[in-house]
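One letter stands for each residue in the lines below.
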Amino acid sequence: MQRPLSPRNVCGRLSASLLFIMFAVADEAAADWDPAVFNPQRAADDVVLPMPCDGSMVFRRVETEWSGVGSDQLVRLGNTAIDEKVALEGAMELAVSGAFGQGSKTRYYLLGKYEVTRQQYQSMMSDACPGELQDRDLPMARLSWFDAVDLAHRYSLWLLKHAKDKLPSEGRLVGYVRLPTEAEWEFAARGGLMLSGSAADFQATIPPMRDQESLNDYVWYNDPKSASDGAPRPIGLKKPNPLGLYDMLGNVDELVLEPFHLRLPSRRHGQTGAYVIRGGSSHTPLGDIRTSWRQEVPYYLNGDTRHNPSTGVRLVVASPVWDKEKSKSIAAEWEGTQAASPRAASQKMPPRSEDQDLPATPPNPHASTQEFDDPRVPALERNLATMTVQLEQCRRDHPNAMVACPRSVSNLGAASLADPRDDLRDLAEHADDLNLKLRLNSLRVTLAAAIESRDEQLAQAAREALRAAGLLCLGAKSDHYQVTLRIPRDEKDFRCGTPQAFPKRCAEIEAEKRNHPDIIASNVRVYAGTIIKLGQTYEASLLEQQHAFLANDLQRRSVTDFLLSVRLAYRQVAQFRHDGKALQEQWYRECKDIEVH
C-alpha cells in the first residue's frame, strides 16, 4: 500500500513540477528563436541586434563613398526606359550617405537582411512574449505606414534601454531604428558599392544573374513558376542580392520613410503625397519586378487607416547628424566645401579696377533709379552662371567630348526654363531703363551662346558614345574568333597534347584558354554598360539624329562592318529604353552573330 504524502512532500513535488514546466516553457521559447528561423542564411559579417523575448534581428552593412563632411554619394536611381511611367519611376540623381564610419574612407548604414517577420513584430508590439506562433518565419504583412513607424520607434526605445552598447555610434551620437529612405532602399536593392565598378549591373533594374539563372531564383512574384497564390513566403528561401540582402524584390512590398513625390526630369515635383511602397510583392507580375518599381498608397481608406495585405517592412539603423561637439568641425569643413563648389565659384566677383568705376554707357537722365523688380532676372542670371561654370568643368574633364556633360547642364537650357531667351527678349522690350535694357540684351546673347555650346557638346558626346558602342560590338566577333578558331588552330600547329609539342607555347595557349572566359565576361559587362548609359543619358530624338549622322558617314566611307555594329547598338539602346531589360549576354551574342553581306 502506497504511503500517503505529507503536506511538505506535496509542496516539494508541486514545486519540482512547476520548475520543470517553467524550464520546458523557457526551452520552447528559446526554440522559437532558433537562428534557422530569424537568420536562415547565416554569414560571418552579419550584424545581429537583440530583441525582446530573447529574440534577434539581423542587419547588413550598406557602405557608401566618403571623403569628408561635405561628401555624399550621388547615384543615378530610377528608370527612364518605360515612357508611361517616367513621372513615377523616372531616373534622377539622388544622394545617399551612411551614418557610421568615423575615420574610414567609407560610411555605412545598417539595413535589415530580411523583411521583419511575424515573430519579430509580435515580440516588439505585444506586452507578453508570443507563444507558439504559426508561420513565425513569414514576413509581417498588412502593415500600415503608422504601424511600421511605431515598430521602429518601440524597437529604438527598447535597444536604447536594454542594449545600447550593441548599437553602432558616431562619436556621442548613438544609432536608432527607422524606416529606410527611398534612396537608401534602392541603392541597396541594386547592390550598392558591390556593383560600383559595373555600370551595366548597377543600372540594370533586376539583380545581376549568372548563366542559367532567372528571376525565379531571386524573387517571389505572381506567376505559376513562383507564387501563383499571391501569398508571402518564408524569409531567406531565394538567393540574395550582392549585398547579402534577401527578398528585396517580391514577397511583400516594403515601406519607406518619406512621402511620395512625382519625378520631374531633374528633380522631385513639389507636391507631397501619401506613403510609398517599394520592390513589389508576390502579387506583382513578373513584368513589373524591378528595383525602380514604386507606388503611392493613401494613408487612409474608407475613414480608417489603410492596411495593404501585401505590405511589410525592413528596418534601418541610422544616427542623428548634428551635435554641439561636432558643430565647429562640421562648420569649418563645410565652409571649405562650399568655397570649392561651382556655385560659390560662380558667385565670386573679380576685383574692381579704376576703369570699372566708369559706366559702360552714358546715364539716361529719364531712366528710373529704382531697381528692376521682375523676379525672372536674378533667376536667369543664376542659371547662366551655374551653366557657365558646369560647361567649363565639363570641357576640362572631357576635352574630347567622349562622355556627355552632366544632365544637370542640359536641364539648364531652354527646355527647363521655357526658353529663357524669349523671356529675356520680352523683358528687354518692356524695360524703361536703358542700362537695364542693354544688360538684358547682353545676357540674352551670352545665354544663347552657352545653350548653343551645350547642345553642340551634347550632340558630339552622343555621337562618340554611339561610335564607342559600335567598336565594342565589333570586339565580340574578335572574341568569338579567338575562342573558336585561333586557339584551336594554335593548339594544332604547336602539337599541344602530343610528345612533339612545344611546351612553352602550349603553356601560354592553355593560360589563354583559362583566362579567356573572364575576359569575355568583362567585355560583356563593359558593352552592356555602354548600351545602358546611352539609353539613360540621352534623349531618344538626340540619339536618332546622331545615329543617322554617324551611319551616313560610315556608309559614305564604305566601313560596312562598323556600320552594322553601330546600327545594332542603336537598336539595342532602343530596346532597353522600351522595356528596361539589360540583356547583357544576348546583346553580346547579337554582336558576335553580325553577318557582313
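Residues numbered from 1 in each chain as written. Predicted model: local features only at pLDDT ≥ 70, side-chain atom pairs only at ≥ 80, totals over all residues. Heavy atoms only, no water.

A. Broad picture of the state of the cysteines. One pass over the structure, following the stated rule, counts three disulfides. The residue that forms a disulfide with Cys53 is Cys129, at a sulfur-sulfur distance of 2.1 Å. The sign of the S-S torsion, about -100 degrees, decides the handedness of the disulfide formed by Cys53 and Cys129: left-handed. Taken as a pair, Cys53 in the loop between β1 (47-51) and β2 (55-65) and Cys129 in the loop between α4 (118-125) and α5 (145-162) lie far apart in primary sequence, 76 residues in all. Paired by a disulfide, Cys473 and Cys591 hold their sulfur atoms 2.0 Å apart. Note on the Cys473 and Cys591 pair: the S-S dihedral is about -110 degrees, so by sign convention the disulfide is left-handed. Here Cys473 is found in helix α13 (residues 434-493), whereas its partner Cys591 is found in helix α17 (residues 584-592), with 118 residues between them in sequence. When its relative accessible area of 0% is taken as the criterion, Cys591 is described as buried. (Disulfide = S-S within 2.5 Å. Helix = DSSP H or I, 4+ residues; strand = E, 2+ residues; numbered from the N terminus. Buried < 20%, exposed > 50% of the residue type's maximum accessible area, 1.4 Å probe, protein only.)

B. Just the sheet that holds strand β10 (residues 275-278), in detail. Taken together, the four strands give an open sheet; going across it, the order is β11-β10-β9-β14, and neighbouring strands pair in mixed fashion. Two strands bound the open sheet, and with one partner strand each, they are β11 (294-297) and β14 (311-312). As judged from the two bridges shared by strand β9 (residues 253-255) and β10, these two strands associate in the antiparallel manner. Opposite Glu254, over in β10, you have Arg278 as the bridge partner. Each of β9, β10 and β11 is contacted by helix α6 (residues 182-190), which is oriented at about 5 degrees to β10, the strand it contacts most. (Pairing = 2+ DSSP bridges. Contact = heavy atoms within 4.5 Å. Axes fitted to C-alpha atoms, helices over the stretch in contact; angles between N-to-C directions.)

C. Up close: the sheet that holds β1. Taking strand neighbours across the sheet as the criterion, the five strands line up as β1-β2-β5-β15-β8 in an open arrangement whose pairing is antiparallel. Of all the strands in the sheet, just β1 and β8 (176-178) have a single pairing partner and so form its edges. Ignoring which end each strand starts from, the neighbouring axes of this sheet average 40 degrees apart. The pairing of β2 with strand β5 (residues 106-112) spans seven bridges and is antiparallel. Following the sheet pairing, Glu63 is matched in β5 by Tyr108.

D. Fine view of α4. A large share of α4 lies buried, amounting to six of its eight residues. Among the residues of α4, Gln119, Gln120, Tyr121, Ser123, Met124 and Met125 are the ones counted as buried.

E. Representation of the packing of helix α16 (residues 560-579) against α17. For the pair α16 and α17, interaxial distance at closest approach is 11 Å and the crossing angle is 160 degrees. The angle between α16 and α17 places the two elements in the roughly antiparallel class. For the element pair α16 and α17, the recorded crossing hand is right-handed. Contacts from Leu568, Gln572, Gln575 and Phe576 of α16 reach α17 at Trp587, Glu590 and Cys591. Here the contact of α16 with α17 is built from residues that sort into four nonpolar, two polar and one charged. (Parallel < 35°, antiparallel > 145°, perpendicular 65-115°, else oblique. Left-handed = near helix turned anticlockwise from the far one by under 90°. Nonpolar A, V, L, I, M, F, W, Y, C, P; charged D, E, K, R; others polar.)

F. Fine view of the packing of aromatic side chains. According to the stated counting rule, one finds twelve aromatic pairs in the structure shown. Ring geometry for Phe100 and Tyr108: centres 5.5 Å apart, planes at 45 degrees, overall tilted. In this pair, the class of Phe100 matches that of Tyr108, namely buried. What links up through ring pairs into an aromatic cluster is the set Trp145, Phe146, Tyr275, Tyr299 and Tyr300. (Phe/Tyr/Trp six-rings, centres within 6.5 Å; stacked < 30°, edge-to-face > 60°.)

G. Molecular detail of unusual backbone geometry. One non-glycine residue, Asp54, lies in positive phi territory at about 60 degrees. With a phi angle near 60 degrees, Arg142 is a residue other than glycine that sits in the positive phi range. Within the secondary structure, Arg142 is located in the loop between α4 and α5. The partly exposed category is assigned to Arg142, whose relative accessible area is 48%.

H. Representation of empty space enclosed by the protein within the structure. Applying the stated criterion across every chain yields a total of three cavities of 30 Å³ or more. Lining the largest cavity are Ala189, Pro207, Tyr218, Val219, Lys239, Pro240, Asn241, Leu245, Tyr246, Asp247, Met248 and Leu249. Class assignment for the residues of the lining of the largest cavity results in nine nonpolar, one polar and two charged. (1 Å grid on protein atoms, 1.4 Å probe; cavity = no way out; pocket = protein on both sides within 12 Å on 5 of 7 lines; lining within 4 Å. Points joined across faces, edges and corners; volume = space filled by probe spheres on them.)

I. View of the pairing of β5. With six of seven residues buried, β5 is to be regarded as a mostly interior element. As paired strands, β5 and strand β15 (residues 316-318) are joined by two bridges and run antiparallel to one another. When the bridges of β15 are listed, Leu111 appears paired with Val316.

J. Local environment of the side chain of Asp253. Mapped onto the secondary structure, Asp253 falls in strand β9. No salt bridge is formed by the buried Asp253, whose closest oppositely charged neighbour, Arg306, lies at an N-O distance of 9.0 Å. A polar side-chain atom of Asp253 sits 3.3 Å from the main-chain amide nitrogen of Ser281. Ignoring sequence-local partners within four residues, the contact set of Asp253 consists of Ile277, Arg278, Gly280, Ser281, Thr284, Trp293, Ser310, Thr311, Gly312 and Val313. (Lys, Arg positive; Asp, Glu negative; His and termini not counted. Salt bridge = Lys/Arg side-chain N within 4 Å of Asp/Glu carboxyl O. Polar contact = N/O pair within 3.5 Å; in protein donor to acceptor, adjacent residues only side chain to side chain.)

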